[in-house]
Amino acid sequence: AQSVTQLDSQVPVFEEAPVELRCNYSSSVSVYLFWYVQYPNQGLQLLLKYLSGSTLVESINGFEAEFNKSQTSFHLRKPSVHISDTAEYFCAVSVSGYSTLTFGKGTMLLVSP
Amino acid sequence: EAEVAQSPRYKITEKSQAVAFWCDPISGHATLYWYRQILGQGPELLVQFQDESVVDDSQLPKDRFSAERLKGVDSTLKIQPAELGDSAMYLCASTTGDNEQFFGPGTRLTVL
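J.: So what exactly am I meant to see when it comes to the pattern of salt bridges here?
T.: For side chains bearing opposite charge, pairing can occur when the charged atoms are close. Across all of its chains, the model carries eight salt bridges over all chains by this definition. Residues aspartate 8 of chain A and arginine 22 of chain A are paired through a salt bridge, measuring 2.9 Å at the closest nitrogen-oxygen approach. Taken as a pair, aspartate 8 of chain A in the loop between β1 (3-5) and β2 (10-14) and arginine 22 of chain A in the loop between β3 (19-21) and β4 (24-26) lie far apart in primary sequence, 14 residues in all. Residue classification places arginine 22 of chain A among the partly exposed residues on the basis of a relative accessible area of 31%. The closest approach of N and O atoms between aspartate 86 of chain B and arginine 36 of chain B, which form a salt bridge, is 3.9 Å. Residue aspartate 86 of chain B is located in the loop between β8 (75-79) and β9 (88-95), and its partner arginine 36 of chain B is located in strand β4 (residues 31-37); the two are separated by 50 residues in the primary sequence. Accessibility assignment for this pair places aspartate 86 of chain B and arginine 36 of chain B in one class, buried. Taken together, the salt bridges that share partners define one network made up of Arg36, Arg64, Glu83 and Asp86 of chain B.

Thresholds, definitions, all that
- Residues numbered from 1 in each chain as written.
- Chains lettered and ligands numbered in written order.
- Predicted model: local features only at pLDDT ≥ 70, side-chain atom pairs only at ≥ 80, totals over all residues.
- Heavy atoms only, no water.
- Salt bridge = Lys/Arg side-chain N within 4 Å of Asp/Glu carboxyl O.
- Helix = DSSP H or I, 4+ residues; strand = E, 2+ residues; numbered from the N terminus.
- Buried < 20%, exposed > 50% of the residue type's maximum accessible area, 1.4 Å probe, protein only.

Written out as structure tokens, the structure is:
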């Protein structure tokens, strides 16, 4: 079985500051890794994913995440956040294209002016 | 852009009543999932369908929950009777199996 740990339940940050949201996972088999974003009372939107290849993956809106197998981590970073980035961010793992996602408990990113 | 549709968006019911949620996945997506998201938590799988067949319902409380996908397209999740602890967001997702699940907007259930 897989598990995901997001250590920070809430991360407050000022606009234009950098941010890192931490994610660690546990699995006895190779996994695929995902970050999803959820705005209030909405469903989840895929932000980025790691399947194979380059360990650094990027999203279209400036986020990036790096897969670190030795540390079993997949931390999410953005060099300069905007007010509109305020949302809940979920890290998730799966073991195949069809398998279910196992989610962490989420990190609420609060960006203030 | 194709989206997963869910209805209703919000549902308020009293305990012991029956409720039903509907999901229409993206056309062509054979795999459909129902997740439950309790406030402050990540989503947890309730049931997974491949076409009309249940692949995994190990976490579905079968004494009160049921799910069906009769024609392998849209799906219904039912709770009878609802309990206070069922208050949560119910999310539907679908995929073609290419490592991306697409989520609907969810149904927010409040049980009074």
